[in-house]
Amino acid sequence: MDTSTFADRQVVRLVTSDPEETIALGRRLGRLLRPGDCLGLQGDLGAGKTTITKGIVAGAGGGDDVRSPTFLLHQVHHGRITLHHLDLYRLPSETDLSSLGLEEFLVEGAAVVEWSDRTDPWWFNAKVELRIGGEAWREVLLTLPRHLLAAARG
Ligand code: ADP
Ligand code: MG
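Computed from a prediction, not measured in an experiment: that's the story for all the values here.

Take the layout of surface pockets next. Quantified by volume, the second largest pocket comes out at close to 240 Å³. Taken together, 20 residues make up the lining of the second largest pocket; nearest its centre are Gly46, Ala47, Gly48, Thr51 and Arg138. For the lining of the second largest pocket, the secondary structure elements donating two or more residues are α2 (19-32) and α3 (49-59). In terms of residue count, the dominant contributor to the lining of the second largest pocket is α3 (three residues). Partitioned by chemical class, the residues of the lining of the second largest pocket number six nonpolar, eight polar and six charged.

What follows is the structure in structure tokens.
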């Protein structure tokens, strides 16, 4: 484990009570994202990974055309920064993200990756885990580096 990288990350637990709140959280994250950031999204189908990505893309200035890349695999949004949206759901579990070009994406852009638990955790400097609490509420566990922490504070 890379403890020195973990040392400056903090875990924050939030609850969102509807999709709009999750999108608003994503928007705050998107405003703070920097090139090189690689944000992993975890949670069951329907937990809200694509929903929070809508906010993240909007916050990064990338517009509102966010679709579930479960079917597309990879979407690029050009805003304040270039943001790559990936979904590992349909990939074989041993797929090496280098072969998808992730290292190159992160030189000048940032990435948001759904189903990030299907690959090596060392790709990610930030993580958002969504758990379904009820029909419209989600428990959200964020593991964030310092420059993204303000997003969790609302
Ligand atoms: P995933 O990408 O994790 O499979 P989606 O974001 O596609 O999930 O779908 C989440 C679904 O749950 C959407 O239909 C959304 O409207 C709904 N939902 C209900 N409450 C919430 C909430 N608090 N946060 C996010 N999504 C929610
Ligand atoms: Mg999705």
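All right, on to the coordination of the magnesium ion (ligand 2) then. Bound to the magnesium ion (ligand 2) are the protein donor atoms Thr50 (OG1) and Glu114 (OE), situated 2.2 Å from the metal. With Thr50 in helix α3 and Glu114 in strand β5 (residues 109-114), this pair connects stretches of sequence that are 64 residues apart. Assigned by exposure class, Thr50 and Glu114 land together as buried.

What counts, and at which threshold
- Residues numbered from 1 in each chain as written.
- Chains lettered and ligands numbered in written order.
- Predicted model: local features only at pLDDT ≥ 70, side-chain atom pairs only at ≥ 80, totals over all residues.
- Heavy atoms only, no water.
- 1 Å grid on protein atoms, 1.4 Å probe; cavity = no way out; pocket = protein on both sides within 12 Å on 5 of 7 lines; lining within 4 Å.
- Points joined across faces, edges and corners; volume = space filled by probe spheres on them.
- Helix = DSSP H or I, 4+ residues; strand = E, 2+ residues; numbered from the N terminus.
- Nonpolar A, V, L, I, M, F, W, Y, C, P; charged D, E, K, R; others polar.
- Donors = N, O, S within 2.8 Å, 3.2 Å for Na, K, Ca; no water.
- Buried < 20%, exposed > 50% of the residue type's maximum accessible area, 1.4 Å probe, protein only.

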